[in-house]
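This is what each chain is made of:
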Amino acid sequence: KTQVEQSPQSLVVRQGENCVLQCNYSVTPDNHLRWFKQDTGKGLVSLTVLVHENDKTSNGRYSATLDKDAKHSTLHITATLLDDTATYICVVVDRGSALGRLHFGAGTQLIVIP
Amino acid sequence: EAAVTQSPRNKVTVTGGNVTLSCRQTNSHNYMYWYRQDTGHGLRLIHYSYGAGNLQIGDVPDGYKATRTTQEDFFLLLELASPSQTSLYFCASSDPGGVEQYFGPGTRLTVL
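Calculation criteria
- Residues numbered from 1 in each chain as written.
- Chains lettered and ligands numbered in written order.
- Predicted model: local features only at pLDDT ≥ 70, side-chain atom pairs only at ≥ 80, totals over all residues.
- Heavy atoms only, no water.
- Helix = DSSP H or I, 4+ residues; strand = E, 2+ residues; numbered from the N terminus.
- Rg over C-alpha atoms; globule rule 2.2 N^0.38 Å.
- Buried < 20%, exposed > 50% of the residue type's maximum accessible area, 1.4 Å probe, protein only.
- Contact = heavy atoms within 4.5 Å.
- Pairing = 2+ DSSP bridges.
- Axes fitted to C-alpha atoms, helices over the stretch in contact; angles between N-to-C directions.
- Core = buried A, V, L, I, M, F, W, Y, C linked by side-chain atoms within 4.5 Å.
- Salt bridge = Lys/Arg side-chain N within 4 Å of Asp/Glu carboxyl O.
- Disulfide = S-S within 2.5 Å.
- Phe/Tyr/Trp six-rings, centres within 6.5 Å; stacked < 30°, edge-to-face > 60°.
- Polar contact = N/O pair within 3.5 Å; in protein donor to acceptor, adjacent residues only side chain to side chain.

Trainee: What am I meant to see in the overall build of chain A here?
Mentor: When helices and strands are tallied, chain A shows 0 helices and 11 strands. Scanning chain A from its N terminus toward the C terminus, one meets helices and strands in the order β-β-β-β-β-β-β-β-β-β-β. Its C-alpha atoms give chain A a radius of gyration of 14 Å, within 12% of the compact-globule value 13 Å for 114 residues. Structurally, chain A occupies a C-alpha span of about 45 × 30 × 20 Å along its principal axes. The buried share among the 114 residues of chain A stands at 45%. Put simply, of all contacts in chain A between residues at least 6 apart along the chain, 54% involve residues at least 24 apart.

Put into structure tokens, the structure is as follows:
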């Protein structure tokens, strides 16, 4: 059963536009949530981590929110650049196990066009 | 800066072939992981390890073996490769809580 759902699956925006990516999860107990950026065929690069209820983070043009009650997170990208073209992956850490298991979403593929 | 390296970066083999994927981390982390990534799926955990000599089964272990020879080195073995194992493989390491996982650049494996 998929425990981390991301939407949309793919998104095309014009350079300079803003966009919002969604992540809903059912992982229990959840500890914190991370957003990663993955360029095509490359590794995962951490963008931000959200830990507490109603956390909001900002990393340059990337900002994220977390609603633990709703088990929902959003990633906002402001004034998109061509280099933002990538897959954005939502990851929820389950601290219920000693390992701290990671549950990965399938990702949102963002394409930024000129 | 934490570092995880993988080799080879690309590998092509035939059905029934024997493949070893290598991972090395210089983070002094005890935990290491092997994942596979396929279109439409999130990363899926194959095997993981708590330390040298330790091996734990992940969520999709069938057809894979792994060995952790040292704290730094974790290997994934495909002894009879099948086309269904064509995928992008990632190695990662982390602290004991798995809070901060550092990922390698990936190995693209194609089984013909």
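Trainee: Looking at this structure, how should I read the sheet that holds strand 7 (residues 65-68) of chain B?
Mentor: The strands that make up a sheet pair up through hydrogen bonds in the backbone, lying either parallel or antiparallel. All names here are of chain B. Overall, antiparallel pairing links the 4 strands, which are arranged 1-3-8-7 in an open sheet. The sheet terminates laterally at strand 1 (4-7) and strand 7, the two strands that pair on one side only. Direction aside, the axes of adjacent strands within the sheet are offset by 15 degrees on average. Relative to strand 8 (residues 73-78), strand 3 (residues 19-25) runs antiparallel, the two sharing 6 bridges. Its bridge partner lying in strand 8, V19 is registered against L78.

Trainee: Where do I start with the nonpolar core in this structure?
Mentor: Note on soluble globular proteins: their nonpolar side chains tend to be buried together. Counting residues in each nonpolar core, the largest one holds 22 residues, and the members touching the most others are L33, W35, L75 and Y88 of chain A. In this view, L75 of chain A contacts C19, V20, L21, W35, L47, Y62, S63, A64 and Y88 of chain A; residues no more than four positions away in its chain are not counted.

Trainee: I tried to follow the pattern of salt bridges on my own but got confused; where do I start?
Mentor: When charged atoms on two side chains of opposite charge get close, those side chains can pair. Residues and elements named next belong to chain B. In this structure the tally under the stated criterion is 5 salt bridges over all chains. Among the salt bridges present, the one from D38 reaches R44, with a minimum N-O distance of 2.7 Å. Residue classification places D38 among the buried residues on the basis of a relative accessible area of 15%. Put simply, R36, D38 and R44 are held in one network by salt bridges that share partners.

Trainee: Is there a simple way to explain the sheet that holds strand 1 (residues 4-7) of chain A in this structure?
Mentor: Residues and elements named next belong to chain A. Spatial strand order, 1-3-8-7-6: 5 strands in an open sheet with antiparallel pairing. Two strands close off the open sheet at either side, each with one partner strand: strand 1 and strand 6 (56-59). Adjacent strand axes in the sheet meet at a mean angle of 15 degrees when their direction is disregarded. Across 4 bridges, the pairing between strand 6 and strand 7 (residues 62-67) is antiparallel. Residue pairing across strands places N59 opposite Y62, the latter belonging to strand 7.

Trainee: Help me out: how do you make sense of the state of the cysteines in this one?
Mentor: A covalent bond between the sulfur atoms of two cysteines is what we call a disulfide. Residues and elements named next belong to chain A. Counted by the stated rule, this structure contains 2 disulfides over all chains. Among the cysteines around C19, which has no disulfide bond, C90 carries the closest sulfur, lying 15 Å off. What makes C19 buried here is its relative accessible area of 6%.

Trainee: How do you make sense of the packing of aromatic side chains when you look at a structure like this?
Mentor: Within a pair of aromatic rings, the relevant descriptors are the distance that separates the centres and the angle that separates the planes. As enumerated under the stated definition, the model contains 11 aromatic pairs over all chains in all. Where F36 of chain A meets F103 of chain B, the ring centres are 5.6 Å apart and the plane angle is 85 degrees; that geometry is what we call edge-to-face. Of the two residues, F36 of chain A is situated in strand 4 (residues 30-38) and F103 of chain B in strand 10 (residues 101-103); the pairing between them involves two chains. On the basis of relative accessible area, F36 of chain A is assigned to the buried category, the value being 2%. With a centroid separation of 6.1 Å and 80 degrees between ring planes, the pair formed by F104 of chain A and F103 of chain B is classed as edge-to-face.

Trainee: Is there a simple way to explain the side chain of D73 of chain B in this structure?
Mentor: All names here are of chain B. Turning to its location among the elements, D73 is positioned in strand 8. For D73, a relative accessible area of 11% gives the class buried. A polar atom in the side chain of D73 sits 2.8 Å from the side chain of R24. Side-chain polar atoms of D73 contact the side chain of T70, separated by 3.0 Å. Filtering out sequence-adjacent residues up to four positions away, D73 remains in contact with C23, R24, M32, T67 and R68.

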